[in-house]
Amino acid sequence: MNTDTHTGWSFAGARQPAHFGACTVQGEPDEPEHAAVGDDRTLCQEQPRTITRYRHPFGIRIGARFCPRCQHLAATAPSRPGVQERLHERVLDAAEGPLRTDLLAALRRGAPVPRWLNGPADFLVSHAGLDELTEGAAPAAAAFGAHTLSLALAEDGPWRYLVVLPHDGTAPLLARGPRTP
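Residues numbered from 1 in each chain as written. Predicted model: local features only at pLDDT ≥ 70, side-chain atom pairs only at ≥ 80, totals over all residues. Heavy atoms only, no water.

**Q** How would you sum up the sheet that holds strand E7 (residues 159-166)? Please name residues and give values.
**A** Spatial strand order, E5-E6-E7-E8: four strands in an open sheet with antiparallel pairing. Sheet topology places strand E5 (115-120) and strand E8 (173-178) at the edges, where each strand pairs with a single neighbour. Across the sheet, the mean angle from the axis of one strand to that of its neighbour is 20°, orientation sign disregarded. (Pairing = 2+ DSSP bridges. Helix = DSSP H or I, 4+ residues; strand = E, 2+ residues; numbered from the N terminus. Axes fitted to C-alpha atoms, helices over the stretch in contact; angles between N-to-C directions.)

Spelled out as structure tokens, the structure:
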């Protein structure tokens, strides 16, 4: 039995509440905070409005006035997949083989995904631990020649998996090596 995963764990049970960015609508009295949808509208509005977006999630600022309709709509919005389910969907596009099969099974069991980073490849390579990988290291290392990419790390039992997600639309690259304590 793998001690890193939970009995009865499921994608459905790991879903997360929907979240929205925060914004205000220009010209509203006292400018209550709204839930932002896209670049030009609020959750409570049908028609696009001129809005000012903020870098924090909707509904967390202490002392702020919040739009009651946005609060209701945000609270009743459908949940979104958890990190394991999102990574599982991306790994499905990787080349078939034992590495892919093992990682997909680990994610379905709830394997922790302690890191999922996006950004410049030359920065992310320091988080990949390429020198510790024993399977798939060469193709994964070659992907770090790109300008930007995403990488995810998953852990399952004795294994640490690296998933390299190129931003050019090519298939994810998988690698793994032993976990170090």
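**Q** Can you explain the pairing of E8? Please cite residues and give values.
**A** Both E7 and E8 contribute to a ladder of six bridges, which runs antiparallel. Within the sheet, the bridge partner assigned to tryptophan 159 lies in E8 and is proline 178. Linking two consecutive strands that pair antiparallel, namely E7 and E8, is a turn of six residues; a positive phi of about 90° is found at glycine 169 within it.

**Q** Explain the side chain of histidine 56 to me, and be specific about the residues and the numbers.
**A** Note that histidine 56 resides in strand E4 (residues 51-57). A residue is classified by how much of its surface remains accessible, and histidine 56, at 18% relative accessible area, is buried. A polar side-chain atom of histidine 56 sits 2.9 Å from a polar atom in the side chain of glutamate 33. Not counting the four nearest positions on each side in its chain, histidine 56 is found in contact with Gly21, Ala22, Glu33 and Arg61. (Buried < 20%, exposed > 50% of the residue type's maximum accessible area, 1.4 Å probe, protein only. Polar contact = N/O pair within 3.5 Å; in protein donor to acceptor, adjacent residues only side chain to side chain. Contact = heavy atoms within 4.5 Å.)

**Q** Describe the packing of helix H2 (residues 83-91) against helix H3 (residues 98-108), and please don't skip the residues or the numbers.
**A** In the contact formed by H2 and H3, the axes pass within 9 Å of each other and the chain directions differ by 160°. Classed by the angle they form, the pair H2 and H3 counts as roughly antiparallel. Relative to H3, H2 is oriented so that their crossing is left-handed. Contacts from Gln84, Leu87, His88 and Val91 of H2 reach H3 at Arg100, Leu103, Leu104, Leu107 and Arg108. Here the contact of H2 with H3 is composed, by residue class, of five nonpolar, two polar and two charged. (Parallel < 35°, antiparallel > 145°, perpendicular 65-115°, else oblique. Left-handed = near helix turned anticlockwise from the far one by under 90°. Nonpolar A, V, L, I, M, F, W, Y, C, P; charged D, E, K, R; others polar.)

**Q** Run through the packing of aromatic side chains, naming residues and quoting values.
**A** In the structure shown here, the tally under the stated rule is two aromatic pairs. When the centroid spacing of 5.6 Å and the interplanar angle of 85° are considered together, the rings of tryptophan 9 and phenylalanine 11 count as edge-to-face. Taking relative accessible area as the criterion, tryptophan 9 reaches 21% and is therefore assigned partly exposed. Taking relative accessible area as the criterion, phenylalanine 11 reaches 19% and is therefore assigned buried. Looking at arginine 176, its charged tip hangs above the ring of tryptophan 159, at a distance of 4.6 Å from the centre. (Phe/Tyr/Trp six-rings, centres within 6.5 Å; stacked < 30°, edge-to-face > 60°. Lys NZ or Arg CZ within 6 Å of the ring centre and 35° of its normal.)

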